[in-house]
Amino acid sequence: IFDRIAEYSKQVAESIGIPVYSLKGTNMFNLDLPPVREHAELFGERLYQVDVEKKSFVMRYAACHQQFAIIRDWQISYRHLPFGAFEVADSYRLEQSGELLLGFRVRRLNMPDLHVFCKDLDEAKEWFMRLHKKIYEEIKALGGDYVSLYNLTSKEFFEENRDFFKQLVKFEKKPALLCFYPPGINYYWILNIEYHIIDKMGRPREIATVQIDVGNSKRFGIKFADKEGKENYPVILHTAIIGTIERYLYTLFDLALKMKHPALPLWLSPTQVRVIPVSERFEKDAEKIAEKIERSSVRVDVDDRQLTMQKKVREAETEWINYIVVIGQKEVDSGLLAVRDRKTGEIRQMKLEELVKEIGQSVADKPFERSVVPRLLSERPQF
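Residues numbered from 1 in each chain as written. Predicted model: local features only at pLDDT ≥ 70, side-chain atom pairs only at ≥ 80, totals over all residues. Heavy atoms only, no water.

Engineer: Report on the overall build of the chain, specifying residues and quantitative values.
Structural biologist: Secondary structure assignment for the chain yields twelve helices and 18 strands. For the chain, the C-alpha atoms occupy an extent of roughly 75 × 55 × 45 Å along the three principal directions. Within the chain, the proportion of its 383 residues that are buried is 51%. Intrachain contacts of the chain at a sequence separation of at least 6 include 72% that bridge at least 24 residues. (Helix = DSSP H or I, 4+ residues; strand = E, 2+ residues; numbered from the N terminus. Buried < 20%, exposed > 50% of the residue type's maximum accessible area, 1.4 Å probe, protein only. Contact = heavy atoms within 4.5 Å.)

Written out as structure tokens, the structure is:
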């Protein structure tokens with residue numbers, strides 16, 4: 001599940017309509033370097049510090065350092081802008097024990113960190129709006145919604161860009177909370193939106209984010225040449241469109257628990273289809289059907305354990321299997337499958353081709369990974 005979400009986060013980043021360069025880097029940075037030290041001091045979170053050989057290092061808390069250290073050496077023209085840089089970055093925050101919450105607030109998180117480099121503030125606002133819409137598109141696709149917190153470090157920026165803020169809120173179609181940070185601190189960003197779900201227990205939980213950064217290109221020495229050949233510093237947008245991998249998963253489980261029949265999205269389910277023979281006599285038939293289903297890039301297994309058919313169905317239900325197919329004499333004779341659809345709770349009579357087509361249409365644009373465990377449940381460790 002984790003790997004497929006990570007792959008999907010990359011797919012989402014690459015879908016926004018500009019070149020997006022995939023970068024990979026280290027997760028430890030030297031605090032003796034002024035840009036690293038200054039950024040760490042301004043970041044505003046508790047960070048892990050490691051002292052080695054009389055030097056102090058900070059554990060990565062976002063993908064900024066590595067991406068910026070690479071991009072500052074590029075020869076960039078205004079014609080190349082905007083472009084993005086992306087990495088699913090393992091990041092570390094020194095959270096206190098009372099703050100930790102599985103899947104939401106963790107000490108090691110995996111951030112699908114996308115930076116969009118823009119030639120000026122006007123272009124940055126244009127792409128900020130596009131990312132704003134993309135973030136909402138992703139949560140709506142899951143059947144959820146956000147409420148937003150707008151963090152600002154400049155009252156002047158807000159006053160000068162009221163129309164921009166009206167557009168952002170108008171798109172959301174609901175009130176947004178504005179938080180103005182105290183003046184006098186040399187913030188590197190001017191606007192940061194936190195997108196919160198309201199979870200099953202009524203708590204706001206920040207998932208996605210997007211930020212306008214006006215300080216780090218100069219701090220790290222990232223430049224581009226304008227039409228006249230003069231050097232300029234780009235404005236950088238920081239965003240995690242679907243949130244961290246952990247928080248996206250938190251969102252999925254929270255939304256599932258609000259359903260009548262809780263389930264993960266079909267493309268993420270470890271087992272999408274389970275075939276259950278009504279008795280040992282139909283095991284070979286079940287295996288043949290599962291083999292045909294698997295050929296269409298579907299994760300399918302067969303419950304061939306020596307249990308009653310009712311117990312097998314019950315266990316498949318508790319495992320949130322999306323489709324449960326029961327095979328007996330009636331199904332063998334008719335060629336129609338008895339398919340229990342978890343989403344609706346109904347049992348439908350379907351041809352194998354119809355089932356495969358329905359699954360294919362549901363997961364068409366999502367990452368796929370074949371199952372790597374034995375197809376027969378009897379060959380797996382039981383727990």
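Engineer: Explain the side chain of Glu 246 to me, using residue names and the numbers behind them.
Structural biologist: As for its placement among the helices and strands, Glu 246 is situated in helix H8 (residues 245-257). Excluding its chain neighbours within four sequence positions, the residues that come into contact with Glu 246 are Phe 2, Gly 103, Val 106, Arg 108, Leu 109 and Asn 110.

Engineer: Account for H8, naming residues and giving values.
Structural biologist: With 13 residues, H8 extends 19 Å between its outermost C-alpha atoms, agreeing within 8% with the 18 Å of an ideal straight helix rising 1.5 Å per residue. Most of H8 sits inside the fold, with ten of its 13 residues counted as buried. The set of residues buried in H8 consists of Ile 245, Glu 246, Arg 247, Tyr 248, Tyr 250, Thr 251, Leu 252, Asp 254, Leu 255 and Ala 256. Looking at the packing, one finds that the buried side of H8 touches helix H1 (2-14), strand S5 (83-92), strand S6 (108-118), helix H4 (121-141), strand S9 (189-198) and strand S10 (204-213). (Expected span 1.5 Å × (residues − 1).)

Engineer: Tell me about the sheet that holds strand S17 (residues 336-341), and name the residues and values.
Structural biologist: Here we have five strands laid out as an open sheet, ordered S15-S14-S16-S17-S18, and mixed in their pairing. The strands lining the two open edges of the sheet, one partner per strand, are strand S15 (300-302) and strand S18 (346-351). Here the strands of the sheet are splayed against their neighbours by 25° on average, with no regard to which way each runs. Pairing geometry for strand S14 (residues 273-277) and S15, over three bridges, is parallel. Opposite Val 275, over in S15, you have Val 302 as the bridge partner. Against the sheet, helix H10 (residues 309-318) contacts S14, strand S16 (323-327) and S17, and its axis sits at roughly 170° relative to S14. (Pairing = 2+ DSSP bridges. Axes fitted to C-alpha atoms, helices over the stretch in contact; angles between N-to-C directions.)

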